[in-house]
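Descriptive structure summary
So the chains spell out like this:
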Amino acid sequence: MEAHKTVTRSVDNLVHNNVDTGADRAIAEAAELIRNGEVVAFPTETVYGLGGDATSDEAIRRIFEAKGRPADNPLIVHVASIEDAARWTLTLPKTAKDLMAAFWPGPLTIVLPHNGTLSGAVTAGLPTVGLRMPDHPVALRLIEASGRPLAAPSGNRSGRPSPTEAAHVEEDLNGRIPMILDGGPAGVGLESTVVEVTDGQVTVLRPGGVTLEALREVAEHVAIDPSLLKSDEAPRSPGMKYTHYAPDVPLYLVEGELAALKQAIRKAKEDGLLTGAIIVNEWAGLTGAHQEVSVGSETDLAAVGRELYRALRQFKTGEVDMLLVCTFPETELGGAIMNRLEKASGGKKARL
Ligand code: TXA
Ligand code: MG
């Protein structure tokens, strides 16, 4: 592992005003690092990514090493246009084009057969590649300025919650990468939806920022990978089998609402445990938990998605012994939120 002095450069003005020469300089420096086979953390609308040249074996090796990521888990390749995407695929089926037209730039990754011109390490030896055009001015400018497709997993240490702020990347990767572009908090806060497209059939491999309902408005045949519904099925998306999003403190799911949460907290207290609770605004001060972190109103799943990873990172070992969170309805963004909570908890349910 190479040691780095990690420099964080603000590009926040670009996000808000669309002109900022300081930000342009920072992006130019980041692009230079990318062209030299180095890796840079950058903001996207979903979560922060750790990007490197997807055509360079050396850059991809650095990404896997900085994250401590298992080598059989392929990376998403970020492009700045549909034409860019077509450079790396064998063919672009009509269904894929329809999805790109409807959701790009945006939180949708489309898995298609690749044409063998990217680094083999990006796709972990698979015949397919996941492609995405992010909806973020800094990400798009970085791709354009480097002139390279950007392989980028989320910019966390493997197994940890994904970073939704530059500070989260610093927490996980300080000293392991040369640069972080700080564009402020991510707007979606959950990763992209990953879909595979074969013969007009769209299969959701990872629920995310684009909902199932939205996909069904554009494509006729949309199904969910069976492994997402049944835990004994082997996942088609290699990344889905690993521990993910794990907070420092063990997380337990509570089936139900405030009353069930209060009961679980009472039980934990009887066992002498200090509890942390991830709650909706409406429950603030009512749970009896030692620490509460609110993720938004119960009527606003977009806010819950945006705040979830920050909340998971806030609870520290030594301050609380166990973490509790209630289940959310699985419609719209709730599907992705519950997928992440299932993983973060490892499926553990609170005793009621
Ligand atoms: O929103 C996002 O997607 C963020 C930002 C940075 O763009 N990136 C991200 O990357 O979440 P990562 O590496 O944390 O997750 C990529 C997921 C993994 O579950 C991986 O297994 C899956 O996409 N994936 C990538 N390429 C694939 C392929 N060819 N076939 C099946 N699954 C693939
Ligand atoms: Mg990730």
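Residue positions are counted from 1 within each chain, in the order its sequence is given. Note on labels: chains are lettered from A, ligands numbered from 1, in written order. Confidence filtering applies because this is a predicted model: local features only for residues at pLDDT of at least 70, side-chain atom pairs given and counted only at 80 or more, and all residues used for totals across whole chains, interfaces and linings. Side-chain descriptors were evaluated using all non-hydrogen atoms of the structure, hydrogens and water having been removed beforehand.

The protein appears in an unreviewed UniProt entry as Threonylcarbamoyl-AMP synthase from Bacillus selenitireducens. Quoted verbatim from the Sequence similarities (unreviewed entry) heading of the UniProt record, the comment on the protein is "Belongs to the SUA5 family." UniProt positions are given in the numbering used here, feature names are shortened, and annotations may be inferred rather than shown by experiment. Turning to the protein, the UniProt record has this under Catalytic activity (unreviewed entry): "L-threonine + hydrogencarbonate + ATP = L-threonylcarbamoyladenylate + diphosphate + H2O".

**So, the pattern of salt bridges**
When a carboxyl oxygen of Asp or Glu lies within 4 Å of a side-chain nitrogen of Lys or Arg, that pair is called a salt bridge. Inspection of every chain in the model, using the stated rule, returns 18 salt bridges. Across the pair Arg 62 and Glu 58 runs a salt bridge whose closest N-O atoms are separated by 3.6 Å. Of this pair, Arg 62 and Glu 58 both sit in helix H3 (residues 57–67), four residues apart, roughly one helical turn. Relative accessibility thresholds used throughout: buried, under 20% of the residue-type maximum; exposed, over 50%; partly exposed, between the two (1.4 Å probe, protein chains only). Arg 62 sits in the buried class, given a relative accessible area of 14%. Ionic pairing is found between Lys 94 and Asp 98, a salt bridge with its closest N-O pair at 2.7 Å. Secondary structure elements follow DSSP: runs of H or I no shorter than four residues count as helices, runs of E no shorter than two count as strands, and numbering proceeds from the N terminus.

**Regarding the environment of Ile 82**
Take Ile 82: it is sitting in helix H4 (residues 82–86). Among the residues examined, Ile 82 registers a relative accessible area of 27% and is labelled partly exposed. As a C-alpha pair, Ile 82 and Ala 101 span 19 residues in sequence and 8.2 Å in three-dimensional space.

**Re the side chain of Thr 89**
On the secondary structure map, Thr 89 appears in the loop between H4 and helix H5 (94–103). Residue classification places Thr 89 among the buried positions, given a relative accessible area of 6%. N or O atoms within 3.5 Å of each other form a polar contact, as long as, within protein, one can give a hydrogen and the other can take it, and as long as residues adjacent in sequence are counted only when both atoms are side-chain atoms. In terms of polar contacts, Thr 89 uses its side chain to reach the backbone carbonyl oxygen of Thr 91, at 3.5 Å. What makes two residues a contact is simply this: any of their non-hydrogen atoms within 4.5 Å. Leave out the neighbours within four places in its chain, and Thr 89 touches Leu 112, Pro 113, His 114, Asn 115 and Leu 131.

**Looking at the sheet that holds strand E7 (residues 150–151)**
If you walk across this open sheet you meet the 11 strands as E1-E8-E2-E3-E7-E4-E6-E5-E9-E10-E11, and the pairing is mixed. Two strands in the sheet have a free side with no partner beyond their single neighbour: strand E1 (7–10) and strand E11 (221–224). Pairing between two strands is assigned when DSSP locates at least 2 bridges connecting them. The sheet contact formed by strand E4 (residues 76–78) and E7 spans two bridges and is antiparallel. Looking at the pairing, Val 77 lines up with Ala 151 of E7. The convention used is that axes are lines fitted to C-alpha atoms, helices contributing only their stretch in contact, and that angles between N-to-C directions extend from 0 to 180 degrees. Here helix H7 (residues 166–173) sits on the sheet in contact with E1, strand E2 (40–42), strand E3 (49–53) and strand E8 (179–182), set at roughly 165 degrees to E8.

**Examining the environment of Ala 186**
Checked against the element boundaries, Ala 186 lands in the loop between E8 and strand E9 (193–198). With a relative accessible area of 6%, Ala 186 lands in the buried category. Counting along the chain gives 23 residues from Ala 186 to Pro 163, while the straight-line C-alpha distance between them is 8.6 Å. Once you skip the residues sitting within four places of it in the chain, Ala 186 turns out to touch Thr 44, Glu 45, Thr 46, Val 47, Thr 164 and Arg 306.

**Topic: unusual backbone geometry**
Here the residue pair Trp 104 and Pro 105 is connected by a cis peptide bond, since its omega of -10 degrees sits within 30 degrees of zero. Structurally, the position occupied by Pro 105 is in the loop between H5 and strand E5 (108–113). Positive phi is not limited to glycine here, since Asp 199 has a value of about 50 degrees. In this structure, Tyr 245 is a non-glycine residue whose phi angle is positive, near 60 degrees. Secondary-structure assignment places Tyr 245 in the loop between helix H9 (226–229) and strand E12 (251–254).

**Structural notes on the UniProt feature "binding site: ATP" (unreviewed entry) in the protein**
Residues annotated by UniProt as "binding site: ATP" (unreviewed entry) correspond here to Arg 69, Asn 73, Thr 128, Ala 152, Ser 154, Ser 162, Arg 206 and Tyr 245. Annotated residues spanning 177 residues; largest pairwise C-alpha distance 25.0 Å, indicating distribution over more than one region. Here Ala 152 is to be found in the loop between E7 and H7. Ignoring any residue separated from it by four or fewer positions in sequence, one finds Ala 152 in contact with Phe 42, Gly 49, Leu 50, Gly 51, Ile 76 and His 78. For Tyr 245, a relative accessible area of 3% puts it in the buried group.

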